[in-house]
Amino acid sequence: MFHNTNHSMISYNACTGIDNIAEAITLLELNNWDLVAAINGVIPQENGILQSEASQSSMFGPPSQSEAADAAAGGSVPPPSSSSSSSSPASSSTSAFCPVNPSSRHIVERQPRMLNFRVEYRQRTIELVLEEGSTVGEIKKLLEADLGIPVSKMQLKGWKSGDVSDSTVMRSLHLPKNNSLYVLTPDIAPTASTSKNSDLQESLNQNFLLVISHREAQRDYSLNFPGSRTIQEVKRNISDLTNIPVRHQQWDGWPASASDDSMTLAASGITYPCHHLSVCRRSSPANSQEPTEECADVHMVSDSEGDDFEDASEFGVDDSEMFGMGSSTCRKSPMMPENSENEADALLHFTAEFSSRYGETHPMFFIGSLEAASQEAFYGKARDRKLLAIYLHNDDSVLSNVFCSQMMCADSIVSYLSQNFITWAWDVTKEANKARLLTMCTRHFGSVVTQTIRTYKTDQFPLLLIVMGKRTSNEVLNVIQGNTTVDELMMRLMGAMEIFTAQQQEDIKDEDEREARETVKREQDEAYRVSLEADRKKREVQEREEAEQVRVERMRKEQEDEKEAIRLSLEQALPPEPDEDSVEQISKLRIRTPSGEFLERRFLGSCKLQVLFDFVASKGYPFEEFKLLTTFPRKNITQLDSGSTLLEAKLFPQETLFLEGKE
């Protein structure tokens, strides 16, 4: 008993650092001599309390008064007996929280394994951390508190083993540390605020076809995954197929919204039902050279690809090899062929060689001439203009490999250059290519820039020139040398961007004002054109009306002339008026016109009615338009036979008639 008590005190003192024996005994008594409980009461644990079993506490009973007194008096404490050290298996986790000697490690149990859960429900994402010994029902109770959804109406999906019951212990499911689940509530209709996420709920139950191209093997994999599968799980499956570890996989094709590997495919924004991706092994600077080369440069490795090497010598690599300064027998393919006739072909070769050396993650180099790159950066609309970054590479510089692998391939630099710059590159390792570059710079930027590039020595390369387009000429804002850091490079790029943004805002304002003036002028020109068109149409209508009036007048005149000619011909054809004292029977007719005038004439009684009609027509009242009527009884003479005589028509010896227009 004495040995067990002393053993507890030694362990407690070693774990807590409490030198006062009396205080240690008091704390142990308060916890019924449960060593683990006493330790937890003094030292808070980050990942939950240490586990203690009743069997442990039963090993140590309360000390006798003599034992306590001896301990308080500072008496020597003998080591624990071998029987107590072998009564419980040792725990490897003991040393993680206190420096206990090996014989006391059986006192502390292994800490429980904690599982992380990311649970998605409509617009919400819940993060939970539970012990592996918890049940599925306990997760639902926590979700009920957060979401306000009764456990009875909640379906928790996304388990790899299919649907599980609420009483299932998670340890039996053999889950990874990080898990993604989703909640379905078919009995609860989505509200207006969540109706737009109904597609996501449906997508979780849909199958997505991922066509994944393995670039090195030149092989395509067509794989079906449920929408509840996470991106991390897809990458693990691809690792099994391609033998490329997840940390070495380099992907193309994931949407920008897929920023977290723990996201489900349904929430990642990929295309349904089929989405195309490509994967390859992330190029490592240490093995970027082809096996056929006689020797390979040793490059520094970025943080995302491995641990930093604080001292290259411990890996058997000297400084000259680390910075690409191997022996003179090392030969590598040049970044750019010498005396290339076409600048676009030279840039294609540069991009391919850069990718083979430093990996696919690098700035998007503009393929084309320096003039075309300037046009793309400077001469669009003010809102679309960008800065021009000219990267000048020199393989003879000790800084080239470090600058390319650490600076130009850093994700932050690549992203910033892609968003705000047009990046154009050139290799000045060969004198012919350097001379060609100087000629281009003189033509586009003037002799000052050319002379500036000449002043830089080989060991100051590579250079990154930041050029801004201005109204009159192009201006070099900054020349960044190879001996810089990622943070310094980013700060200088951001500084150049601030200057450019201020100038761009002025250009946008001027351009907007100019466009406003041009818009007003266009509107005025359009209004003037519309006015001219309206005047032209009005003039055409007036001219047509006048022409119509002339035509009608001409026709009227022609008709009148024709009537006059007919009248004259009828008048001339009339027989002469007989005398009053003629021996023949004479009929004296008096004709009242519509205007109230009277026409009087003598006719022979033997004259035909046609002669009377012709006489009336010769006075302007044609037979076709007027009818001749007697007064009493009313009789229409024009309806009689024109061949009858006046005597037969009983218009003798005199008669008064009147003219009336035909209806």
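Residues numbered from 1 in each chain as written. Predicted model: local features only at pLDDT ≥ 70, side-chain atom pairs only at ≥ 80, totals over all residues. Heavy atoms only, no water.

What is the right way to look at the overall build of the protein in this model?
When you go through the protein residue by residue, the secondary structure sums to 19 helices and 16 strands. The buried share of the protein, reckoned over its 663 residues, is 40%. The contacts of the protein with a sequence gap of at least 6 include a subset with a gap of at least 24, amounting to 63%. Working note: accessible area of the protein is about 36800 Å², and carbon and sulfur atoms make up 49% of it. (Helix = DSSP H or I, 4+ residues; strand = E, 2+ residues; numbered from the N terminus. Buried < 20%, exposed > 50% of the residue type's maximum accessible area, 1.4 Å probe, protein only. Contact = heavy atoms within 4.5 Å. Areas by Shrake-Rupley, 256 points an atom, 1.4 Å probe, with all protein chains shown as cover.)

Mind showing me how you'd approach the pairing of strand β15 (residues 626–630) here?
Side chains on a regular strand alternate between the two faces of the sheet. For β15, the buried fraction is high: 4 of the 5 residues fall into the buried class. Of the pairings in the sheet, the one linking β15 to strand β16 (residues 654–661) comprises 5 bridges and is antiparallel in character. Residue pairing across strands places Leu629 opposite Phe658, the latter belonging to β16. (Pairing = 2+ DSSP bridges.)

Sorry, what's going on with the side chain of Thr135 here?
Of note, Thr135 is situated in the loop between β2 (124–131) and α7 (136–147). Classification of Thr135 as buried rests on a relative accessible area of 19%. Excluding its chain neighbours within four sequence positions, the residues that come into contact with Thr135 are Asp166, Ser167, Thr168, Val169 and Met170.

Which parts of the structure should I look at to understand the confidence of the model for the protein?
Interpretation of the predicted coordinates at a detailed level should be avoided for regions scoring low in pLDDT. When pLDDT is averaged along the protein, the result is 77; 76% of the residues meet or exceed 70. Of the regions scoring below 50 in pLDDT, residues 44–108 engages in 103 contacts with residues more than four places distant in sequence or in other chains. (pLDDT = per-residue confidence, 0-100.)

Whenever I open this one, the pattern of salt bridges confuses me. Can you help?
Close approach of charged atoms lets side chains of opposite charge pair. Inspection of the entire model under this criterion finds 30 salt bridges. In this structure, Asp260 and Arg118 form a salt bridge, with 3.4 Å as the shortest nitrogen-oxygen distance. Taken together, the residues Asp260 in the loop between β7 (249–252) and α10 (265–268) and Arg118 in strand β1 (residues 114–121) connect sequence positions 142 residues apart. Here the salt bridges share partners, and the residues they tie into one network are Arg118, Glu120, Glu127 and Asp260. (Salt bridge = Lys/Arg side-chain N within 4 Å of Asp/Glu carboxyl O.)

Would you take a moment to explain the sheet that holds β7 for this structure?
Two modes of strand pairing occur in sheets, parallel and antiparallel, and in both the strands are linked by backbone hydrogen bonds. Spatially, β6-β5-β8-β7 is the arrangement adopted by the 4 strands of the open sheet, whose pairing is mixed. Taken across any chain shown, the strands that pair with only one partner, and hence form the sheet edges, are β6 (219–226) and β7. Adjacent strand axes in the sheet meet at a mean angle of 30 degrees, parallel and antiparallel pairs treated alike. Direction of pairing for β7 relative to strand β8 (residues 274–281): antiparallel, over a ladder of 4 bridges. Counted as the bridge partner of Trp251 is Val279 from β8. The strands touched by helix α9 (residues 231–242) are β5 (207–214), β6, β7 and β8; relative to β6, the strand with the most contacts, the crossing angle is about 145 degrees. (Axes fitted to C-alpha atoms, helices over the stretch in contact; angles between N-to-C directions.)

Can you walk me through unusual backbone geometry in this structure?
Across the chain, the bulk of peptide bonds are trans and the bulk of non-glycine residues have phi less than zero. Residue Pro273 follows Tyr272 across a cis peptide bond; omega there is 5 degrees. With respect to the helices and strands, Pro273 occurs in the loop between α10 and β8. Phe461 connects to Pro462 through a cis peptide bond whose omega is 0 degrees. For Lys650, which is not a glycine, the phi torsion comes out positive at approximately 60 degrees. Looking at the secondary structure, you find Lys650 in the loop between β15 and β16.

Sorry, what's going on with the sheet that holds β1 here?
Spatially, β2-β1-β4-β3 is the arrangement adopted by the 4 strands of the open sheet, whose pairing is mixed. Either end of the sheet is taken by a strand with one partner, and the two such strands are β2 and β3 (155–157). Mean inter-strand twist for the sheet, computed between neighbouring axes without regard to direction, equals 30 degrees. Here 3 bridges tie β3 to strand β4 (residues 178–184), and the two strands are oriented antiparallel to one another. Its bridge partner being in β4, Leu156 is matched across the sheet by Val183. α7 rests against β1, β2, β3 and β4 of the sheet, and its axis sits at about 140 degrees to β2.

What is the right way to read the pairing of strand β11 (residues 463–469) from this model?
β11 sits mainly inside the fold: 7 of its 7 residues count as buried. The pairing of strand β9 (residues 387–393) with β11 spans 5 bridges and is antiparallel. Bridge pairing in β11 links Leu392 to Leu463. Pairing analysis gives 6 bridges linking β11 to strand β12 (residues 474–480), with the strands arranged antiparallel. Along β12, the bridge assignment pairs Val467 with Val476.

Explain the packing of aromatic side chains to me, please; I cannot follow it from the model alone.
Pairs of aromatic rings are described using the distance from one ring centre to the other and the angle between the two planes. Under the defined criterion, the tally for this structure stands at 15 aromatic pairs. Aromatic side chains Trp251 and Trp254 sit 5.7 Å apart centroid to centroid with 55 degrees between the ring planes, which places their arrangement in the tilted category. Here Trp251 falls in the buried class, since its relative accessible area comes to 13%. Residue Trp254 is classed as buried on the basis of its relative accessible area of 18%. Cation over ring: Arg590 sits above Phe598, and NZ or CZ is 3.8 Å from the ring centre. Over the aromatic face of Phe603 sits the side chain of Arg601, whose NZ or CZ is 4.8 Å from the ring centroid. (Phe/Tyr/Trp six-rings, centres within 6.5 Å; stacked < 30°, edge-to-face > 60°. Lys NZ or Arg CZ within 6 Å of the ring centre and 35° of its normal.)

What is the right way to look at helix α12 (residues 343–358) in this model?
Think of an α-helix as 3.6 residues a turn; residues three or four steps apart then line up on the same face. When the terminal C-alpha atoms of α12 are compared, their 22 Å separation across 16 residues agrees well with the 22 Å that a helix rising 1.5 Å per residue should span. Within α12 the residues assigned to the buried category are Glu343, Ala346, Leu347, Phe350, Thr351, Glu353, Phe354, Ser355, Arg357 and Tyr358. Taken together, the buried residues of α12 touch α13 (370–378), β9, α14 (400–408), β10 (421–427) and α16 (431–445). Where α12 begins, one side-chain oxygen reaches toward the backbone nitrogen of Ala344, 2.7 Å away; that side chain belongs to Asn342. Two residues or fewer after α12 comes Gly359, characterised by a positive phi angle close to 100 degrees. (Expected span 1.5 Å × (residues − 1). Polar contact = N/O pair within 3.5 Å; in protein donor to acceptor, adjacent residues only side chain to side chain.)

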